[in-house]
Every structure is written in C-alpha cells, then in structure tokens.
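Structural description and commentary
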Amino acid sequence: MSLFRKREPPASGPGAEQALPRAAACFTTPAMTRRAADWLGNLGGCRPLGILSDDYDDVVWQCTAERADLLLLELDFSNGVEDKDVSSRCDIAIEVRRKLPDCRVYLVCEDGHPERLAALEKAAELKLIDGYCLGALTDRQARAWLRETAETMPGGSAR
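Read on for a plain summary of the structure.

Definitions and cut-offs
- Residues numbered from 1 in each chain as written.
- Predicted model: local features only at pLDDT ≥ 70, side-chain atom pairs only at ≥ 80, totals over all residues.
- Heavy atoms only, no water.
- Phe/Tyr/Trp six-rings, centres within 6.5 Å; stacked < 30°, edge-to-face > 60°.
- Helix = DSSP H or I, 4+ residues; strand = E, 2+ residues; numbered from the N terminus.
- Buried < 20%, exposed > 50% of the residue type's maximum accessible area, 1.4 Å probe, protein only.
- Pairing = 2+ DSSP bridges.
- Salt bridge = Lys/Arg side-chain N within 4 Å of Asp/Glu carboxyl O.

Moving on, we come to the packing of aromatic side chains. A full pass over the atoms with the stated rule returns one aromatic pair. Taken together, a centroid distance of 4.1 Å and an interplanar angle of 10° make the contact between Y106 and W145 stacked. Pair noted here: Y106 is in strand β4 (residues 104–109) and W145 is in helix α5 (residues 139–152), with a separation of 39 residues, a long-range link. For Y106, a relative accessible area of 0% gives the class buried. Taking relative accessible area as the criterion, W145 reaches 5% and is therefore assigned buried.

Written out as structure tokens, the structure is:
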C-alpha cells in the first residue's frame, strides 16, 4: 500500500526557504520514515526531518531538539502492535506539545480500519491531535496541513 500520492513541484520564490515550517515525519519503519521525509521535501512547503525511531522518548526528544513545527505520525493497526495505536500516538502528541506548544500533530493510518475512526475523531475533538488521514495522504492534504502550520508559526501571517 502506498501512503503517498504523486507529488507536484515544490513551492519556490524569494524567502520561501526561511518561512518554511520544520516538518518531522515518524513512521513505523525507518524506510517509510525516510520515504515520508523525502516526499514532504519534494512536495515543498517545509523543511523535512525524518525521525527514524518511533520510540516515545526518541520522538519527543528529536522534535524538541529540532524545534519541529509539525509532526506527522503513522499509526499501525496490525495485530499485536499496541505501542503504535491511537492512544500511544496521542501520548506522544501531548508530550511534544507540552514542550513545543505551537507544534501541530497529525496522524496518518492505512485505510480499512473503520473501527478506529471513533478514536481518531475523539482525539481530534479533544485537541490531542490537529487532524488525521485515513488511507493515502494526498499532496493537497499535506499542503493544507503545512499551510495551517505556517499560519500558526510566530509571524505566520507574514510567512
């Protein structure tokens, strides 16, 4: 399954680099994380960062160290994988936001798990996360998240 659709050319123009949010990607495998970071970089509108470990402490530490503006976390609903479900990812989101209050957190999960929709909606309703995507993350959705992030950054309206 591909979580990333065909990409379009990155944004360009004067000052585009300095205004870009730092977008951290953390997926269930280092290979998928690298692919997500590359995809975000090629998509444009951010300075991508791949967090190669999806351990709670590692994600929080690296987001804090890199001053991430956006964190994109993958969920894994495979049988027996409890540390990568909605609850555990919300725990990461809460801690990242405690250290970086302006960081926006989005969850990406594969399609085919309608039983998880209520948990995702509740997490967004409680503002534990800023949003989620079921199925393939489109360039349009990613750009919307990046735009929302840029707008909330200090001086965002000027960015």
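This next bit is on the pairing of strand β1 (residues 22–26). Among the five residues of β1, four are classified as buried, and the element is accordingly described as predominantly covered. Two strands pair when backbone bridges link them, and β1 and strand β2 (residues 47–50) are joined in this way by four bridges, in the parallel orientation. The residue bridging A23 from the neighbouring strand is P48, located in β2. Pairing analysis gives four bridges linking β1 to strand β3 (residues 70–74), with the strands arranged parallel. From the neighbouring strand, A25 faces β3, where its bridge partner is L72.

Moving on: the pattern of salt bridges. One pass over the structure, following the stated rule, counts eight salt bridges. Salt-bridge contacts for E148 lead to R104; the nearest nitrogen and oxygen are separated by 3.2 Å. With E148 in helix α5 and R104 in strand β4, this pair connects stretches of sequence that are 44 residues apart. Look at R104 and you get buried, because its relative accessible area is 16%. Measuring nitrogen to oxygen at the nearest pair gives 3.4 Å for the salt bridge that ties R143 to D139.

We now examine unusual backbone geometry. With a phi close to 55°, R67 is a non-glycine residue in the positive phi region. With respect to the element layout, R67 can be found in the loop between α2 (56–66) and β3. Positive phi outside glycine occurs at K127, with the angle close to 65°. Counting through the fold element by element, K127 comes out in the loop between α4 (117–125) and β5 (131–134). Here K127 falls in the exposed class, since its relative accessible area comes to 64%.

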